[in-house]
Every structure is written in structure tokens, then in C-alpha cells.
Amino acid sequence: MNEAMWALKRICSERDGRLGLTFTIAILAFALLGPLVSPDPNVLDIKARFAAPGLAHLLGTDNLGRDLLARTSVGTRYALTLAVLIVVISSVIGSLIGIVAGIAGGWVDRAVTAVFDIVNAFPPLILAFALIALYGKGSATFVLLVTVVFIPQFGRMARARARTLRNLSFIEAERMLAVHPVTIVVRHYLPNVAGPIIVLASMNLPVVIAFEASLSFLGFGVQPPKSSLGTLIKDGFVSINQSWWPTVTAALVLAVATLGATLLGEALRRVIDPKSAGAR
Amino acid sequence: MTDAITVLGARLRFGETAALESVSVSIPQGACFGIVGESGSGKTTLMRAMLGLQRLDAGEIRILGTPLQQGRAALRQRARVVQPIFQDPAASLSPRSRIRTLMNEVGTVLKEPHAATHERLLVILKRLGLPDSVIDKYPHEISGGQARRVAIARALLVKPSILIADEPTAGLDVSVQGDLLNLLQDIRRAENITLVVISHNLAVVRLIAENAIVMRAGRVVEGGEVGPLFASPRQSYTRELFAAWPSLASNNKGR
Ligand SMILES: Nc1ncnc2c1ncn2[C@@H]1O[C@H](COP(=O)(O)OP(=O)(O)O)[C@@H](O)[C@H]1O
Ligand SMILES: [Mg+2]
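Cut-off values and rules
- Note on numbering: residues in each chain are counted from 1, in written sequence order.
- Just so you know, chain letters begin at A and ligand numbers begin at 1, following the order they were written in.
- Reporting of local features is limited, given that this is a predicted model, to residues whose pLDDT is at least 70; pairs of side-chain atoms are given and counted only at 80 or more, and all residues count toward the totals for whole chains, interfaces and linings.
- Excluding hydrogens and water, the side-chain figures rest on all heavy atoms present in the structure.
- Distance thresholds for patches are 9 Å for like charges and 5 Å for nonpolar side chains (Val, Leu, Ile, Met, Phe, Trp, Tyr), applied to residues having over 30% relative accessible area and no salt bridge.
- Calculation of accessible area relied on Shrake-Rupley with a 1.4 Å probe; when residues are assessed, cover is drawn exclusively from the protein chains displayed.
- Here, a salt bridge means any side-chain nitrogen of Lys or Arg that lies within 4 Å of a carboxyl oxygen of Asp or Glu.
- Secondary structure elements are taken from DSSP: a helix is a run of H or I of four residues or more, a strand is a run of E of two residues or more, and numbering for both begins at the N terminus.
- Being near a molecule or strand, for a residue, means having at least one of its heavy atoms within 4 Å of it.
- We call two N or O atoms a polar contact when they sit within 3.5 Å, provided that within protein one can donate a hydrogen and the other can accept it, with sequence-adjacent residues counted only if both atoms are side-chain atoms.
- By the convention adopted, Pro, Cys, Tyr, Trp, Phe, Met, Ile, Leu, Val and Ala count as nonpolar, Lys, Arg, Asp and Glu as charged, and the other residues, Gly among them, as polar.
- Two strands qualify as a pair provided that DSSP identifies no fewer than 2 bridges between them.
- To get an axis, fit a line to the C-alpha atoms, keeping to the stretch in contact for a helix; angles then go from 0 to 180 degrees between the N-to-C directions.
- By definition, turning the near helix anticlockwise from the far helix through less than a right angle yields a left-handed crossing, and turning it clockwise yields a right-handed one.
- Should any heavy atoms of two residues lie within 4.5 Å, those residues are counted as being in contact.
- Only protein atoms enter the calculation, which uses a 1 Å grid: trapped sets of points that fit a 1.4 Å probe without letting it out are cavities, open sets showing protein on both sides within 12 Å along at least five of seven lines are pockets, and any residue with an atom within 4 Å of a point is a lining residue.
- Grid points are joined across faces, edges and corners, and a volume is the space filled by probe spheres set on the points.
- Here the quantity called buried area is the accessible surface, traced with a 1.4 Å probe, that two parts lose on coming together, added over both.

Colleague: Would you mind showing me how to read a nonpolar patch on the surface here?
Modeller: A cluster of nonpolar residues, Phe217, Leu218, Phe237, Ile240, Trp244 and Val248 of chain A, forms a patch on the protein surface that exposes about 580 Å² of accessible area. Tracing the backbone through its elements, the reader meets Ile240 of chain A in the loop between helix H9 (229–238) and helix H10 (245–272).

If you want it as C-alpha cells, here you go:
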């Protein structure tokens, strides 16, 4: 907890960090509070189709007369939840697989690395298309499949760290004491791998948000009547001649969300992992 | 009596470097044994091989007559017999664990209640001149000297019959080097431990060990009882080593 407070202080001490934090908090507030101050996102009001922003509908309505503030904030909430879920699951699974491969060495390591390489060889979007085509649409499968796409990045980083740690005295000392391998992984590898993994996770958050939006835009992600940023942009885009603000609003939210997360991730990296900050 | 450690024809190469070349050593039980040689002569590699941390290209190692084996059961058995004190003791303490956690791990391995481990730990800490307060600290919160003693304490907590210390006096002030060696010697006598001391400093080995080998470029160039070995070294290399470290030897001649 102390470390978290320390990191927060450091992030606030620089301009990009403050900007990223502000954007992120704004998006979180929008996602959490928006639904409270707006009507049901799925209620149709055919008479008020394509209403301009006004008192009844703060951000106007869409082609079916649904409240856009409600739909955009719920969509944002949905997109953020998916992104966080995907990043958390893939970073935890990736770290564990990577650490085990790094420790084991030999054929286990080679096999895992080969699988990572194969998954990485496909452009993420194409791979996701293929997996969704195989396994069908739906939120649960969606999370699962996108997680698979993002595991290798975390796995490779964790593996590289684990291979370094493996030869350090404190790990060898644990081994010489015959401490249980699970204890060694959980207590002595994980905390020492966590820093760069957290940085990578935060850097990946905007990537996954944009990724989810693209898939939903193309109709492979969230299914109606649920909305995500991608479906909102697409729906707005279809009727852009009648009204331009639905698309622009959703695109703006997407931009602020990814920009905020990117700035915050970069700032976090400069704080936690300064060595790699200049490298990329 | 079986040897504490037997090394037979150990050979190991790192690429072009011959880290160990037909190394054979017999380390008798219950005494202090010295391994001396210039930096890069293969001392640490030999220790890692003895601990099973480094596989050999050829050769055999026996601990109390039992050949080194891989696998968890063998490792658990070995842990109770032989413990290392690594060259950089501060680096041998896991940075994100409290000393208490690291000590309790020993209790868990020994299947001993934590309260009992704690009791024994307090005795060991007192003996090493460490305050009880180190228990609740993280490794980075204690001094380098304390970390060295904490690493020794953790090794002793296992109640090993063999202790291998890599450069135990490295980085220490000459004035306290002798103190640490005497402490190790006292503990060795009291607990009837076989102590293996590795050092590039011939004076250290001469002060504490009964028997020793001299290593150079991965080979054992000579060995035997410390008195005759260093009184009239047959190898010019040993004489050179000796010439490099006269101070501690002459300081401690009277002890
Ligand atoms: N993991 C390793 N990889 C490559 N070379 C190594 C490795 N460990 C040791 N060496 C080399 O083996 C030789 C012996 O090293 P070491 O056993 O550390 O010597 P000492 O402890 O006597 O200073 C040195 O030349 C060293 O560079
Ligand atoms: Mg060494």
C-alpha cells in the first residue's frame, strides 16, 4: 500500500502523469455516474429519434430514440470492465506460465516459447476474428479469446524476468533450503516480476480498449442491445447523415479513455521501471 | 569415517573456459576446510557443484557418501545436511520478504512449529550478536553486516552438518574479518559442523582451516594440512598468493 501511495505521488509530480490521471478519473466518473443521472439506456422513444442534446436527453438520442448519455456511459462502463478483466486475467495467467517456463527451462521452456511465438505471429485482430469465427460470439467467449491473444506478451516478459531471477542468490538460497516450489514462485518470483508486469498491463489497457472497440465496431464484439464504445461509433456512423453527435461523442470518449490510460501507463512505467522507459 | 564431501574428477566448461578440470577433493568431517585461489580460479563454481546448483560435465560428488541426486526428495534431504552462505549475503535474502518470513520457511521445511523455530532463532541471533528487532525488518532495512549475519543465522537454523561459506570476509574491514572467522569457528566447534571456507585470501584460510586446497584456472594445484602447505608451498603460485595477503596472517599469528 505504501508503494502504491508512493507511485501515485510520483505520477502526480509530472505533467503527463497528472493529465493521464485526470483523463482516467474523468472517464471512470463518466462510466460510473452517467447511468445514475440518465434514463434506462434501452428504453425506446420513437418520437424523440435523433433528438439533439437538450434537457430531456443531455447527449441527445439515437436512431431508436434511446438516451445517448445513458448508452455511452453504459457502453464505456462495459468497455472498461471488459478491458480490465482481459488485462488482469491475461497478465496473471501469462505471468504464471512465463515464470514456470523460465524456471523449468529445457523442453517446457522451448514449447511455451514456441506457442507464444505462434500466437504472436498473427496480427491480434485477425487472430481474434479466427477464434471468434470458431467459437462464436458472446461476452464470455469474447473475454476468453481476447485474453488468449494478450497472454503471450505477459508470458514473455515474466519468462525473461524469471530466467534472470533463477540465478540470483536469493532464489538459489530458497532452493537450497528445499522450500516448496509453489512457495518459491508465489512468494519470491511473483513479487519480483510484478513491477514490469503491472507496467505492461497498464500500457496494454488502452490497447485492449481500442481492440474491443474495433471488434465491436465490426460486429464481432458486444451484441445488441448491449452497447460498447465500438457499437456506438458504428451505430452513429450508419446514421451520420441524420445526426453527427452520437459518433463524435463516443469517439471522443474512446479517445479520452485510451489517451488517459496511455499517459497513465507511461507515467507508471517511468516510476516503476525507469530503465525501460527510455527504450521504447 | 566417510568424508563430508567427496569430489571425484569434476570437470566443467563454460564455453572455452575450463571452470573445473579434473578436480578431486576429500573434505573430512568435523573440521574446517579451506579452498583458496585467485579470483576466477573456479572456487564458487566448485561450491555450486557441491550444492547441486551446477551440473558437472563429468565427475562425481558425494555428500556424506551419498551421490548428489536431482529431484525434490533428494533436495529435501540435502538441505538438512549442507547449507551455503553465498558470497553476497545481502543478495541471498529475498528482497520482498520480512526476515521472519524467511526464517519461518526453514521451520516449514523442517516440519517444525513456528514457535519452536522462533525459540531457536532467538538463541542463534543472540549468538551472532544480532538484535531481535531484525526479525520484523525487510532485507533492505538492515545493514550489510547484519544481512551477512542473518544469512548465517538462516543457514544455522537448518542445523546442517556442513556449512560452505563463499568469501565470508569479502567486503569486511580487516579489523572485523578475524572476529567473523572466530565466530564461525566457535559455532563450528560447538555444533560439530564441517565448515568449508572459500577465499581468495590465503591468510583467511590459513587462520581458520586445518586442511586446504589451492586452486588455479579450475585445477587443484596443491593441497594438504594448512601448516606445512603454507609454511613451504611447493607451487610458486601459492607463494604469490601468500605474498599478496601478508597482513591478516601476521596480525593473527599470535591467536
Ligand atoms: N555461469 C557462468 N557462465 C560462464 N562462465 C562462468 C560462469 N560461472 C563462472 N564462470 C567462469 O568460470 C571461471 C571460474 O569462476 P568462479 O568459480 O566464479 O571463480 P572464483 O569463485 O574462484 O572467483 C571464471 O572464468 C568465470 O568467468
Ligand atoms: Mg567466487
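Structure shown, so let's carry the discussion forward.
Colleague: What am I meant to see in the site of ligand 1 here?
Modeller: All names here are of chain B. All residues in the neighbourhood of ligand 1 are listed as Phe14, Thr17, Ala19, Glu38, Ser39, Gly40, Ser41, Gly42, Lys43, Thr44 and Thr45. Lys43 is positioned with one of its side-chain polar atoms (N or O) 2.8 Å from an oxygen atom of ligand 1. Against a free-state accessible area of 560 Å², the protein chains account for coverage of 58% of ligand 1. Counting residues per element, the shell around ligand 1 draws most heavily on helix H1 (residues 43–51), which supplies three residues. Looking at the shell around ligand 1 residue by residue, the class counts come to two nonpolar, seven polar and two charged.

Colleague: Explain the pairing of strand E10 (residues 219–225) of chain B here, please?
Modeller: A regular strand places its side chains on the two faces of the sheet in alternate fashion. Relative to E10 of chain B, strand E9 (residues 211–216) of chain B is paired through six bridges, and the arrangement is antiparallel. Residue pairing for E10 of chain B: Ile213 of chain B is matched across the bridge by Gly223 of chain B.

Colleague: What exactly am I supposed to notice about the packing of helix H1 (residues 2–12) of chain A against H10 of chain A here?
Modeller: Two measures define how a pair of helices packs: the angle their axes make with one another and the distance between the axes. Residues and elements named next belong to chain A. Where H1 meets H10, the axes come as close as 9 Å, and the angle between the chain directions of the two elements is 115°. As H1 runs across H10, the sense of the crossing is right-handed. Facing H1, whose interface residues are Trp6, Ala7, Arg10 and Ile11, H10 presents Leu264, Ala267, Leu268 and Val271.

Colleague: For this particular structure, what's the right way to read empty space enclosed by the protein?
Modeller: If you roll a probe as big as a water molecule over the atoms, it shows you where there is empty space left. Here the structure, examined in full by the defined rule, presents three cavities of 30 Å³ or more. Roughly 100 Å³ of volume is contained in the largest cavity. In this structure, the largest cavity is lined by Ala173, Met176 and Leu177 of chain A together with Gln83, Pro84, Ile85, Phe86, Ser92, Leu93, Ala151, Arg154 and Ala155 of chain B. Here the lining of the largest cavity is composed, by residue class, of nine nonpolar, two polar and one charged. As a volume, the second largest cavity reaches approximately 60 Å³. Looking at which element gives the most residues to the lining of the second largest cavity, the answer is H9 of chain A, with three residues. Classifying every residue of the lining of the second largest cavity gives four nonpolar, four polar and two charged.

Colleague: Explain the layout of surface pockets here, please?
Modeller: If you add up the space inside the largest pocket, you get close to 1,300 Å³. Along its surface, the largest pocket is lined by 41 residues, and Ala194, Gly195, Ile198, Leu268 and Ile272 of chain A are the ones closest to its centre. Of all the secondary-structure elements, those providing two or more residues to the lining of the largest pocket are H1, helix H2 (15–33), helix H3 (68–104), helix H8 (181–217), H10 and helix H11 (274–277) of chain A. Per-element accounting of the lining of the largest pocket gives the leading share, ten residues, to H8 of chain A. Its residues placed into classes, the lining of the largest pocket shows 29 nonpolar, seven polar and five charged. Quantified by volume, the second largest pocket comes out at close to 780 Å³. Taken together, 25 residues form the lining of the second largest pocket, with Ile103, Arg166 and Arg175 of chain A together with Gln70 and Leu75 of chain B sitting closest to its centre. If you list the elements that add at least two residues to the lining of the second largest pocket, you get H3, helix H7 (169–176) and H8 of chain A together with H1 and helix H2 (72–81) of chain B. Tallied by class, the residues present in the lining of the second largest pocket amount to twelve nonpolar, six polar and seven charged.

Colleague: What is the right way to look at the interface of chain B and chain A in this model?
Modeller: In many reports, interface size means the accessible area that the parts give up when they come together. Listed as interface residues are 25 residues of chain B and, on the opposing side, 18 residues of chain A. Surface buried jointly by chain B and chain A totals about 1,900 Å² across both partners, of which 57% is contributed by carbon and sulfur atoms. On the chain B side of the interface with chain A, the three residues burying the most area are Arg72, Arg96 and Glu105 of chain B, jointly 29% of the side's total. Counting every contact that joins chain B to chain A gives three salt bridges. The residue Glu174 of chain A makes a salt bridge to Arg154 of chain B at a minimum N-O spacing of 3.0 Å. The interface formed by chain B and chain A holds nine residue pairs in polar contact (both at pLDDT 80 or more) in total. Per-element tally for the side of chain B that touches chain A: the top contributor is helix H3 (residues 99–109) of chain B, with five residues.

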